[in-house]
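Structural characterization, general
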Amino acid sequence: MSKAKVKYLPVRIKGRPEFKIAYWDIDSGKKGPVLLITAALHGNEVHGSEVMRRFCPIAEKKIVKGRMILVPFANPLALWNRRPHIVSTLAHPKGKEIWDKEKKILRFDLRDNINCTWPGNPKGNEAEQITYVLSEKIVPQATHCIDMHCWSRFSIAAALSTEDEKQMEFARMSALPAIFVRGPKPDYSKGIPKPCLLSMLFNATGKLAFDMEFSGQYIIFEKEVLLGVRMLSNCSKYLGMLKGKPEGLEETIIFKDRNTQEVTVTAPENGLFAEAGLSNGDFVKKGSLLGTLFSDRTLKTTEIKAPVDGYLYAYGHYRRFCDADLADMHPYADKGDTLAIIVKSSKKK
Ligand SMILES: [Zn+2]
């Protein structure tokens with residue numbers, strides 16, 4: 001038993017009262033890895049916070065070596081805003097768009113997305129300043145990191161990795177139902193690309209880390225929480241910090257990389273898409289019913305069927321900003337909108 005200590009990281013930002021980031025520090029007293037676990041860098045992504053609340057007593061009881069630093073609310077300003085970013089508003093849920101002179105397009109200012117601001121900037125905006133404090137005070141203590149996020153409920157929970165074998169193996173220990181491979185192993189020989197993701201900050205310096213996405217934002221689903229607690233137990237066991245073997249590794253993993261065959265099912269016309277009660281991760285046979293499309297113009301029903309055998313990686317009607325905007329979660333589809341993504345192959349690892 002190693003009692004978790006509650007510690008506080010003070011954050012001073014110009015124009016704001018000082019606030020503190022609270023975290024748990026569980027020290028076994030024995031040499032070993034120092035595992036940093038973070039959640040809620042985006043204020044609407046809170047599955048990981050509840051996962052940590054439940055994992056903490058398990059870690060206290062079972063830790064055999066090393067130290068754990070658990071930061072359940074890594075970006076309190078975004079949490080208090082109850083939206084993805086500190087600057088998110090009802091009108092601009094993903095932040096304000098800026099004009100990109102080079103590309104001549106309107107795009108979001110990546111500096112507002114705390115996920116893209118590591119290692120931060122003490123003179124930058126509020127997100128960059130929070131990142132800077134975490135980068136200076138917490139990150140250097142850790143040898144490993146798991147950064148927990150959530151994407152919309154329309155996609156399956158997944159561990160994210162590059163083609164780096166070591167990172168992939170660590171991510172696979174999560175026993176999450178899917179692994180999404182972003183791309184080739186980045187070339188860090190010229191140093192860390194700045195700004196970058198928190199996991200990249202680790203991987204670029206030879207430390208193991210991965211990030212992951214639960215399914216569902218603005219909400220806490222019990223099923224996701226259980227997946228998360230198992231993930232943290234498994235990964236800690238893999239690092240030798242908890243006793244025992246990782247669980248659930250025999251389960252099917254939907255493996256999605258650049259070679260994966262996938263089929264996007266789109267709406268053949270406008271209409272209200274009613275799901276047929278399936279869930280992400282379900283195996284669907286070619287020709288089985290995915291849902292119905294109810295035309296507002298003709299009042300006719302079109303059955304939407306699976307065009308191939310495969311696993312549901314994404315399911316339900318959603319549009320580009322479904323992670324932040326209620327309108328983009330609406331079941332009314334325009335012709336061509338995505339209704340499902342079916343991954344044809346999967347790997348059991
Ligand atoms: Zn996120």
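Residues numbered from 1 in each chain as written. Predicted model: local features only at pLDDT ≥ 70, side-chain atom pairs only at ≥ 80, totals over all residues.

Looking at the assigned domains, one finds that the protein contains domain 1 (5-251) and domain 2 (257-343). Between domain 1 and domain 2, the C-alpha centre-to-centre distance is 30 Å. With 14 residues of domain 1 at the interface, the matching set in domain 2 holds 13 residues. Here the side of domain 1 that touches domain 2 is built from residues that sort into 8 nonpolar, 5 polar and 1 charged. (Domains from an automatic or database assignment. Contact = placed C-beta atoms within 7 Å. Nonpolar A, V, L, I, M, F, W, Y, C, P; charged D, E, K, R; others polar.)

Hydrogen bonds between backbone groups are what pair the strands of a sheet, and the pairing can be parallel or antiparallel. The strand order across the open sheet built from 4 strands is β12-β19-β17-β14, with neighbouring strands paired in antiparallel fashion. Each edge of the open sheet is held by one strand with a lone partner, namely β12 (262-266) and β14 (283-284). Summarising the sheet, strand β17 (residues 310-315) and strand β19 (residues 338-343) pair through 4 bridges and their orientation is antiparallel. Looking across to β19, one finds that L312 is bridged to I342. (Pairing = 2+ DSSP bridges. Helix = DSSP H or I, 4+ residues; strand = E, 2+ residues; numbered from the N terminus.)

Here we come to the sheet that holds strand β18 (residues 332-333). With antiparallel pairing, the 4 strands of this open sheet are ordered in space as β16-β15-β13-β18. Each having just a single partner strand, β16 (301-305) and β18 make up the two edges of the open sheet.

Note the cis peptide between W118 and P119, where omega equals 5 degrees. Among the secondary structure elements, P119 is positioned in the loop between β6 (105-108) and α3 (126-137). With omega at -5 degrees, the peptide bond leading from K194 into P195 counts as cis. Relative to the elements of secondary structure, P195 occurs in the loop between β9 (178-181) and α5 (198-203). Positioned with a positive phi, R82 is a non-glycine residue whose angle comes to about 60 degrees. Mapped onto the elements of the fold, R82 is located in the loop between α2 (76-81) and β5 (97-100). Phi is positive for Y218, which is not a glycine, with a value near 60 degrees. With respect to the helices and strands, Y218 occurs in the loop between β10 (208-215) and α6 (222-238). Of the residues examined, Y218 has 18 C-beta atoms within 10 Å and is grouped as partly exposed. (Buried ≥ 20, exposed ≤ 12 C-beta atoms within 10 Å, placed from the backbone.)

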